[in-house]
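Observations on chain architecture
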Amino acid sequence: MTTPIIEFQHVNKFFGDFQALKDINFQLDQGKFYSLLGPSGSGKTTILRTIAGFNSVTSGTVLFQGKPLKNVPPNKRRVNTIFQNYALFPHLNVFDNVAFGLSIRHVPKDEIQTRVMDALKMVHLQELASRDINELSGGQQQRVAIARAIINEPELLLLDEPLSALDKKLRQDMQYELRELQQRLGITFVFVTHDQEEALAMSDEIFVMDEGAILQNGTPVDIYDEPINHFVADFIGESNIVKGTMVKDYEVEFVGKRFECADAGMRPNEPVEVVLRPEDLDVTTPDKGKLIVQVDSQLFRGDHFEVVAYDADHNEWLIHSTNPVKEDADIGLFFEPEDIHVMRFNEKEADFDARLEQYEGE
Amino acid sequence: MNTTAKRIYYIPYMLWILLFVIAPVALIVYQSFFNLDHQATIQNYVTYLTSSTYLRMTLNSFWYAFLITLFTVLISYPAALFLNQLKHKDFWLLLIILPTWINLLLKAYAFIGIFAQNGSVNQFLGFIGIGPKQILFTDFSFIFVATYIEIPFMILPIYNAIAEIDPALLTASRDLGATNWQTLIRVILPLTRKGITAGVQAVFIPSLSLFMLTRLIGGNRVITLGTAIEEHFLTTMNWGMGSTIGVVLIIMMFISMALTGEHKRKRKEIDTGATKE
Amino acid sequence: MQRKNRLGRVYLVIVFLVLYLPILYLIYFSFSSGSTMNTFKNFTWANYRTLFADTRLIQIVLQTLLLALLSSLIATVVGTMGALGIAASKRTSTRNLMLSLNNVLMVSPDVIIGASFLILFTMLGISLGFGSVLASHIAFSIPIVVLMVLPRIQEMDHALIDAAYDLGASAPQVLNRVILPFITPGIVAGYFMAFTYSLDDFAVTFFVTGNGFATLSVEIYSRARQGISLEINALSALMFVFALLLVLIYFFIQVHQSNRTKRNKQKARNAA
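A short tour of the structure in this document, coming up. (Residues numbered from 1 in each chain as written. Chains lettered and ligands numbered in written order. Predicted model: local features only at pLDDT ≥ 70, side-chain atom pairs only at ≥ 80, totals over all residues. Heavy atoms only, no water.)

**Thoughts on the pairing of strand β16 (residues 291–300) of chain A**
Residues and elements named next belong to chain A.
- Pairing of β16 with strand β19 (residues 330–334), which is carried by 4 bridges, proceeds in the antiparallel orientation. Within β19, the residue paired with Ile292 across the bridge is Gly332.
- The pairing of β16 with strand β17 (residues 305–310) spans 6 bridges and is antiparallel. Each bridged residue has a counterpart across the sheet, and for Phe300 the counterpart in β17 is Phe305.
- If you look at the hairpin formed by β16 and β17, you'll find 4 residues sitting between the two strands, and Gly302 has a positive phi there, around 95 degrees. (Pairing = 2+ DSSP bridges. Helix = DSSP H or I, 4+ residues; strand = E, 2+ residues; numbered from the N terminus.)

Dropping the structure here:
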């Protein structure tokens, strides 16, 4: 096993009385695309700034390629950052912004010239080298920030919500480009975002954070399909979460009915929460449905209809339907056993992983 | 940045604070407790508080400063208001500022000519049959010239305050049925109170200490606190008494600053519009 | 509305007349061959000839300019370092205390500054003259420099400094290559203000200047007390033209700059 590029061991960080990071442990491997995903104030930017060297930790250890990072100032770390608002130097033009890191290190002039032009070519900006920063559009500024950060050939690139200032269309284009760039450079990206779609689309692995702690990490598919708790299920994607009881292995009860499911390893009759994704619910006639709900309202979303309906227990159900439904009509909902995801209360990630391993291995 | 490097570049500025900010204030307070024979005493304060001359002078000084400030506000507010309605208002504002770049003494000097016994104003008064009057070396001439000098310093903060008002507010006021006059009284005026306060601060305290004007324009008829300090320091060499009056002026300054709210900086700065708050 | 506008125009015309008449009056009489500002005799350049032949006055003008250049230069250096120091202080209370101390000289009346500096120089045994005047001008110019530079520092996105460190810059490099270029407009404005403060000052100089040294303001004061001399009128005319030129240059730079930013924004929009 190779040494992880970054490792956090029991890292805690206090700002005064406020605990920004709570016992953070993780390892990041070389050459992967990681996302730190969470609402604002969840501690994801604190982690980023800790890696970059702008924060010290209150306790715990941060290792970079196996060596402690403590006492290494930010300008000596082989890490570069793309800042949220790009932090481009307004007094320098595009070329000089990109050249900044090289000229700081007194790299010879002609080498700077070729390397800057190469970097600009990589982000398709070679024609704008002599432009002033304030003459660029948001998307162009974003590219300058990328070129400026990668020209130093960092081992690790940190991206602090770099796409949040762009409009939706541009943001989606940039998602492809960043992903492609990461694969081309082969270096590790750590991407901070509060946008779950962004994280799901780009990452090899996602860390979901809330209130200074990492709640769950895994591939986008794992996290989407097997959220560990209510917060993760709610934060990632849209979901219907109802209270239920785990009658026994592979059988769960909610809204007064028992259903076959794919989860196991819990106590009999343990109170649980049940997650059903809106796109996993198929609309059918009431007699064919596993659940019967009454339609309240629907919105046309382009590629689907978003239906809001209520069951007999007054739980709200969000359904993505390809066809329109009649308002106030009773409809049946059909779903497969594997569409049901059962979550225990207060389950830690390690236990969750162990339980999953245990019955999925069977 | 490491702390030692920080301290090194900070040293000259700290020395300045110590030597030219703290020391002078301390020294003027210290000096106020000495009489002409360099003996420590509170006699200066006793003299000040019991002498009707000093007290009357203080009140007078206050009264003049009050009148100057009042006239300046009355003239400046409409001017600032109308300036804001002009097309190239930045340019016209610059023209308001321009006279402040002319040395104050030259402006005072101009009025010596204008108000002189045979000067233009008296020629005009003679022409329309009123006949020449003594204008120079009167209270009137002092207040007139002081007001003249202070007007730009009052127009600027008020102008800025008016310029900052969101035009939508004025439209809203009209929309809700207010007349122009009602909009002025109930919307514009309350929103520009800060500008007026800033202007009053920029004008009132300096008006207490315009000793050169009292000398050149007021003759020796008008004595302000500033004049008294100058006289004690440079003519009678009674530094103790001069410092005592200085301390009184400093106290007044703090009182007026406390009364008018937040502290405002000197005038030139408002002047260039460099501090856009 | 129309009527009100016209009334406003009339009012403004009167204000402008009052503001400019005394100055124009001075200039007008600078071309008079008489000896008073009462009646205009004949047109003449004689007052200007006298002015340029008055070596004492020319020398004073040069001294005043030198004093202004020198004092504002030193004040700008010290003030900029002070502003950097204040901005770097971690606790808000320290920063507020420093700012209050900084502003003491800004709000104090000139007589108080002059009188207290006079006591200071006397106590320290410094003789009055060019040195004491220079020290005083530096002293009262420093706070204005701080007030011009500090907002610029605070306006600076802290991420720029982080970015510079992130790209490998050392502390001195961050200062030289990022912070100083960014705050340069503030420094220039501060220098400019300090310069005009120095040129304009009368009261403080009047207190701390000895017999051997005079600035233009002090000289005009003493001459004005002796009565009218049309040479002074000629001088004011020249100073007015000088001020006018400065203001016009300042104005056109501003217009040019705002046009430039507008153009740039347009370009950016087209590019987007």
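Back to the text.
**Here's the deal with the interface of chain B and chain C**
- The partner chain C presents 90 residues to the 81 residues of chain B that form the contact.
- Summed over both partners, the interface of chain B with chain C buries about 8,000 Å², with 77% contributed by carbon and sulfur atoms.
- The interface formed by chain B and chain C includes 0 salt bridges.
- Where chain B packs against chain C, one counts 8 residue pairs in polar contact (both at pLDDT 80 or more).
- In terms of residue count, the dominant contributor to the side of chain B that touches chain C is helix α1 (residues 3–31) of chain B (19 residues).
- Here the residues of the side of chain B that touches chain C are counted per class, giving 56 nonpolar, 16 polar and 9 charged. (Contact = heavy atoms within 4.5 Å. Buried area = accessible area lost by both parts, 1.4 Å probe. Salt bridge = Lys/Arg side-chain N within 4 Å of Asp/Glu carboxyl O. Polar contact = N/O pair within 3.5 Å; in protein donor to acceptor, adjacent residues only side chain to side chain. Nonpolar A, V, L, I, M, F, W, Y, C, P; charged D, E, K, R; others polar.)

**What to know about the sheet that holds strand β7 (residues 156–160) of chain A**
Residue and element names in this part refer to chain A.
- Taken together, the 6 strands give an open sheet; going across it, the order is β6-β7-β8-β3-β9-β10, and neighbouring strands pair in mixed fashion. Both edges of this open sheet fall to β6 (79–82) and β10 (213–218), since each of them pairs with a single strand only. Neighbour-to-neighbour, the strand axes of the sheet open up by a mean angle of 20 degrees, direction not taken into account.
- By the bridge criterion, 4 bridges tie β6 to β7 in an arrangement that is parallel. Within β7, the residue paired with Asn80 across the bridge is Leu157.
- The sheet strands contacting helix α4 (residues 138–150) are β6 and β7, and the helix crosses β6 at an angle near 175 degrees. (Axes fitted to C-alpha atoms, helices over the stretch in contact; angles between N-to-C directions.)

**Concerning the pattern of salt bridges**
All names here are of chain A.
- Per the stated rule, a full pass over the model turns up 25 salt bridges over all chains.
- In this structure, Glu251 engages Lys248 in a salt bridge whose closest nitrogen and oxygen atoms are separated by 3.8 Å.
- Where Glu347 meets Arg344, a salt bridge forms, and the shortest distance between an N and an O atom there is 3.5 Å. Each member of the pair Glu347 and Arg344 is classed as buried. (Buried < 20%, exposed > 50% of the residue type's maximum accessible area, 1.4 Å probe, protein only.)

**Quick word on unusual backbone geometry**
Residue and element names in this part refer to chain A.
- One non-glycine residue, His106, lies in the positive phi region at around 55 degrees.
- The residue His106 is located in the loop between α2 (94–104) and α3 (109–122) in this model.
- The exposure class assigned to His106 is exposed, which follows from its relative accessible area of 64%.
- For Asn346, which is not glycine, the phi torsion reads 55 degrees and is therefore positive.
- By the secondary structure assignment, Asn346 is in the loop between β20 (341–344) and α9 (349–360).
- Since its relative accessible area comes to 76%, Asn346 is described here as exposed.

**Notes on helix α4 (residues 89–97) of chain B**
- Looking only at α4(B), the buried set comprises B:Leu93, B:Leu94, B:Ile96 and B:Ile97. In an axial view of α4(B), the angular spread of the buried residues amounts to 155 degrees, which keeps them on one side of the axis. (Arc of directions from axis to C-beta.)

**What to know about the interface of chain C and chain A**
- Facing the 22 residues of chain C at the interface are 30 residues of chain A.
- A combined buried area of about 2,200 Å² lies between chain C and chain A, and 58% of that area is made up of carbon and sulfur atoms.
- When the buried surface of chain C facing chain A is broken down by residue, C:Asp166, C:Leu167 and C:Arg177 rank first, second and third, together holding 32% of it.
- In this structure, the salt-bridge partner of C:Asp162 is A:Arg49, at a minimum N-O distance of 3.0 Å.
- Between the two partners, chain C and chain A, sit 10 residue pairs in polar contact (both at pLDDT 80 or more).
- Of all elements in the fold, only α7 (158–166), α8 (171–200) and α11 (230–271) of chain C reach the threshold of two or more residues within the side of chain C that touches chain A.

**A short note on the environment of A:Asn71**
- With respect to the helices and strands, A:Asn71 occurs in the loop between β5 (67–68) and β6.
- For the pair A:Asn71 and A:Leu281, spaced 210 residues apart in sequence, the C-alpha separation works out to 54 Å.

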